[in-house]
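# What the coordinates show
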Amino acid sequence: MKRVLKIFVLGILLLIVFSGCAEQKSEKISIGVMPDVNSVPFIVAAENGLFKKQGVDVDIQLFTSAVERDTALQTGKIDGCVSDILAAAFAIQSGFDVKITSVTDGDYVLLAGKNSNITDINGFKNKEIGLSTNTIIEYAVDSMLMGNGFEEEEIKKTGVPKIPVRLEMLENGQLYGACLPQPLATLAQSKGAAVIATSTQQGLAPSVMVFNNSVLNENKSDLERIYKAYNIAVEQLNNDAQFFKEIIIEKAKFPAEVKDNFSLPQYQKAVLPDEEDINNVLNWMDKKGLVKQKLEYKDMIEKGFF
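Here the structure is a predicted model, which means the values were calculated and not measured.

## So, unusual backbone geometry
The omega angle of the peptide bond from Gln182 to Pro183 is 15°, so this bond is cis rather than trans. Here Pro183 shows up in the loop between strand S8 (177-181) and helix H8 (184-190). In this structure, Asn117 takes a positive phi of about 65° despite not being glycine. With respect to the helices and strands, Asn117 occurs in the loop between strand S5 (108-112) and strand S6 (128-131). Overall, the relative accessible area of 74% leaves Asn117 in the exposed class. Phi is positive for Lys253, close to 60°, though the residue is something other than glycine. Among the structural elements, Lys253 can be located in the loop between helix H11 (245-251) and helix H12 (275-287).

## Description of the sheet that holds strand S2 (residues 58-62)
Reading across from one edge, S2-S1-S3-S10-S4 is the order of the five strands in this open sheet, with mixed pairing throughout. Unpaired on one side and paired on the other, S2 and strand S4 (98-103) mark the two borders of the sheet. Neighbour to neighbour, the strand axes of the sheet diverge by 30° on average, direction disregarded. Bridge count between strand S3 (residues 80-84) and strand S10 (residues 207-212): five bridges; the pairing is antiparallel. Along S10, the bridge assignment pairs Cys81 with Val210.

## Some remarks on the sheet that holds S8
Here five strands make up an open sheet; going across it, the order is S7-S6-S8-S5-S9 and the pairing mixed. The open sheet is flanked by strand S7 (156-159) and strand S9 (194-198), the only strands paired with a single partner. Put simply, the sheet's adjacent strands are angled 30° from each other on average, direction ignored. Of the pairings in the sheet, the one linking S6 to S8 comprises two bridges and is parallel in character. Residue Gly130 lies in a different strand from S8, and its bridge partner there is Ala178. Along the sheet, helix H6 (residues 136-146) contacts S5, S6, S7, S8 and S9; its crossing angle with S5, the most-contacted strand, is approximately 65°. Packed onto the sheet, helix H7 (residues 163-171) meets S5, S6 and S8 and runs at close to 140° relative to S8.

## Structural notes on the packing of aromatic side chains
Two numbers describe a pair of aromatic rings. These are the distance of the centres and the angle of the planes. All told, the structure shown has six aromatic pairs when counted by the stated rule. Between the aromatic rings of Tyr227 and Tyr230, the centroid separation amounts to 6.1 Å while the plane-to-plane angle is 70°, which identifies the pairing as edge-to-face. Here Tyr230 and Tyr227 lie together in helix H10 (residues 220-239), a separation of three residues that amounts to about one turn. Taking 5.1 Å as the distance between ring centres and 90° as the angle between the ring planes, the aromatic pair formed by Phe243 and Phe244 counts as edge-to-face. On the basis of relative accessible area, Phe243 is assigned to the exposed category, the value being 58%. Owing to a relative accessible area of 5%, Phe244 belongs among the buried residues under this scheme. One aromatic cluster is present, formed by Phe42, Tyr227, Tyr230 and Phe306 through successive ring pairs. When the ring centre of Phe262 is taken as origin, the NZ or CZ atom of Lys245, which lies over that ring, is 4.7 Å away.

## Notes on the environment of Asn134
As for its position among the elements, Asn134 is in the loop between S6 and H6. With relative accessibility at 34%, the residue Asn134 sits in the partly exposed group. Separated by 25 residues in the primary sequence, Asn134 and Gly159 place their C-alpha atoms 9.6 Å from one another. Ignoring any residue separated from it by four or fewer positions in sequence, one finds Asn134 in contact with Leu86, Phe90, Trp284, Lys288 and Leu290.

## Some remarks on the packing of H6 against H12
Contact pair H6 / H12: the axes reach a minimum separation of 11 Å and the direction vectors enclose 100°. Our classification of the angle between H6 and H12 gives roughly perpendicular. Taken together, the residues of H12 that come into contact with H6 (itself represented by Ile136, Glu138, Tyr139 and Asp142) are Asp277, Asn280, Val281 and Trp284. Across the contact of H6 with H12, the residue classes break down as four nonpolar, one polar and three charged.

## A short note on the nonpolar core
The biggest cluster of nonpolar side chains holds 51 residues, and the ones touching the most others in it are Ile31, Phe42, Phe211, Ile226, Ile248 and Phe254. Ranked by the residues each element gives to this core, the list is headed by H10, at eight residues. In contact with Ile31, other than residues within four places in its own chain, are Phe42, Val58, Asp59, Ile60, Gln61, Gly80, Cys81, Met209, Phe211 and Ile226. Ala72, Ile85, Val141 and Ala197 belong to the second largest nonpolar core, which has 47 residues in total.

The rules behind these values
Residues numbered from 1 in each chain as written. Predicted model: local features only at pLDDT ≥ 70, side-chain atom pairs only at ≥ 80, totals over all residues. Heavy atoms only, no water. Helix = DSSP H or I, 4+ residues; strand = E, 2+ residues; numbered from the N terminus. Buried < 20%, exposed > 50% of the residue type's maximum accessible area, 1.4 Å probe, protein only. Pairing = 2+ DSSP bridges. Axes fitted to C-alpha atoms, helices over the stretch in contact; angles between N-to-C directions. Contact = heavy atoms within 4.5 Å. Phe/Tyr/Trp six-rings, centres within 6.5 Å; stacked < 30°, edge-to-face > 60°. Lys NZ or Arg CZ within 6 Å of the ring centre and 35° of its normal. Parallel < 35°, antiparallel > 145°, perpendicular 65-115°, else oblique. Nonpolar A, V, L, I, M, F, W, Y, C, P; charged D, E, K, R; others polar. Core = buried A, V, L, I, M, F, W, Y, C linked by side-chain atoms within 4.5 Å.

Laid out in structure tokens, this is it:
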């Protein structure tokens, strides 16, 4: 009887110990990504088991619409997402508790249509450029043109929010030019469009990673491990991007036509955005009347994950 009692007590103790271990297990972190090159390190980290190796449970969710992505973040359906400084500023000034945690490596490309006769950036003076208004794309276009001596009145824009429609209009000669993210810019180039300027060439770094503050406060160790996995993925991509191309095309939903043409950027390990990059976006928003409250660099970022 005593032996049975000892076994019973031991079983209870083991149950308590293992229950405690289960409670310490990493919570699932949901990250929203887009079909663009910014998201590739997160996709590779997930597909190559790098998050699991770091002991963190990450759910990568692909969005094809920035509006749907932002709504998912703001309603708590995802914990973080690949985004941009402008979207983060809109969210914060609208009362959503989010912060920027790192830069991501994206590129916005200004292209001229194949029959536009535009061969350099000056050719866009007073010529319509297709873009999405009040977005990071418009900020990139303004920065590229005004950085090359354009006056504001010389910049002409046509609002085309849907990127596939913008691509089609450029291809069909309905626009002199358009600004597209990668890899769709490569697709446009393969169909005859000419690359005139890029945000990377202009030294712009407007693409960022954003997380909800609830996750930043409660799951700091998980985010540190996420960034360790991210940095390993960056190393792997920079060493042999070709090896991952099939996975990237499939999981990021890149158009199949870009498979043999597009190239990935030289990714950088996770870093915080420069204060100047954030201030430039905020100043642009202010001039456009898009700022509802005064925001500063310290209001926008969260340090300490890498």
